[in-house]
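Overview (structure and organization)
Spelled out, the chains give:
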Amino acid sequence: MPKIKYKIDPKEYYNLLKEVNLRSISLVSSTSRIKRENWDKSMSIGISRNMSHKVLKQAKILQINCKYSLLGSPEEGKSKDYAIKIEVTYELIYSFGKTLPKEFIDIFEQKNVPLNSWPYFREFVQNMMQRMNVQPLTLPFEAQLS
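All of the points below concern the structure found in this document.

Conventions we followed
Residues numbered from 1 in each chain as written. Predicted model: local features only at pLDDT ≥ 70, side-chain atom pairs only at ≥ 80, totals over all residues. Heavy atoms only, no water. Helix = DSSP H or I, 4+ residues; strand = E, 2+ residues; numbered from the N terminus. Buried < 20%, exposed > 50% of the residue type's maximum accessible area, 1.4 Å probe, protein only. Pairing = 2+ DSSP bridges. Core = buried A, V, L, I, M, F, W, Y, C linked by side-chain atoms within 4.5 Å. Contact = heavy atoms within 4.5 Å. Phe/Tyr/Trp six-rings, centres within 6.5 Å; stacked < 30°, edge-to-face > 60°. Salt bridge = Lys/Arg side-chain N within 4 Å of Asp/Glu carboxyl O.

**Describing the environment of Leu92**
Topologically, Leu92 is positioned in strand β4 (residues 84-96). Relative accessible area serves as the criterion here: at 0%, Leu92 is assigned to the buried category. Sequence-wise, Leu92 and Val113 are 21 residues apart; in three dimensions their C-alpha atoms are separated by 8.0 Å.

Okay, here's the thing in structure tokens:
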């Protein structure tokens, strides 16, 4: 079994992680669309996630925007067709005590931010689908991105 090569020592990552605190999670934008003519119980569901971050060093703030996109397509439909499309962007604000190296932020963005934001997206999807008067999806505990 090949040894995993880390960009940052796991002990150093853990010590830096103790210095980071979640201050807020805010909804920045959302869109929800449904095409009832394409609605089918045998849809294929795809979920993607994009993130960007900004470090405000003087204020010791890490601001991360996390965008989730869910696309439900009829299995026999055209690839451009969709039955349901939900996009949500959250802004997560973290404060930190020590300077955070880029290697830490890269791993933090991929590993820790989803732990904080994914439950919000799961709830949003279920709530919007109920409001659209369709059978809501129960998304898994962890993001399974396509």
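**What about the environment of Gln144?**
You can see Gln144 is positioned in the segment after α2 (102-131). Once the C-alpha coordinates of Gln144 and Ser48 are considered, the two residues, 96 residues apart in sequence, prove to be 8.4 Å apart.

**Observations concerning the pairing of β4**
Counting buried positions along β4 gives 10 out of 13 residues, so the element sits mostly inside the fold. Of the pairings in the sheet, the one linking strand β1 (residues 20-34) to β4 comprises 13 bridges and is antiparallel in character. Note that in β4 the partner of Arg33 across the bridge is Lys85. Here strand β3 (residues 61-74) pairs with β4 via 12 bridges, running antiparallel. The partner of Ile64 across the bridge, within β4, is Leu92.

**Details of the nonpolar core**
Ranked by internal contacts, the top residues of the largest apolar core, which has 32 residues, are Ile86, Phe104, Phe108 and Phe121. For this core, the secondary structure elements donating two or more residues are α1 (10-17), β2 (43-56), β3, β4 and α2. The contact partners of Ile86, leaving out residues within four places of it in the chain, are Thr31, Ser32, Tyr68, Ser69, Leu70, Phe121, Phe124, Val125, Met128 and Met129.

**Let's talk about the packing of aromatic side chains**
Two measures describe an aromatic ring pair: the distance that separates the ring centres and the angle between the ring planes. Summed over all chains, the structure comprises 7 aromatic pairs. Measuring from ring centre to ring centre gives 4.7 Å for Tyr13 and Phe104, while their planes differ by 35 degrees; the resulting arrangement is tilted. Of this pair, Tyr13 sits in helix α1 while Phe104 sits in helix α2, and the two are 91 residues apart along the sequence. The buried category is assigned to Tyr13, whose relative accessible area is 12%. Ring geometry for Trp118 against Phe121: centres 5.6 Å apart, planes inclined by 45 degrees, an arrangement best described as tilted. With Trp118 and Phe121 both in helix α2 and 3 residues apart, the pair spans about one turn of that helix. The pair formed by Trp118 and Phe121 is uniform in burial state, with each residue classed as buried.

**Quick look at the pattern of salt bridges**
Across all of its chains, the model carries 2 salt bridges by this definition. For Lys67, the salt bridge goes to Glu87, with nearest N and O atoms at 3.8 Å. Residue Lys67 is located in strand β3, and its partner Glu87 is located in strand β4; the two are separated by 20 residues in the primary sequence. With a closest N to O distance of 2.8 Å, Asp106 and Lys102 form a salt bridge. Here Asp106 and its partner Lys102 are both found in helix α2, 4 residues apart, which amounts to about one turn of the helix. On the accessibility criterion, Lys102 (56% relative accessible area) is exposed.

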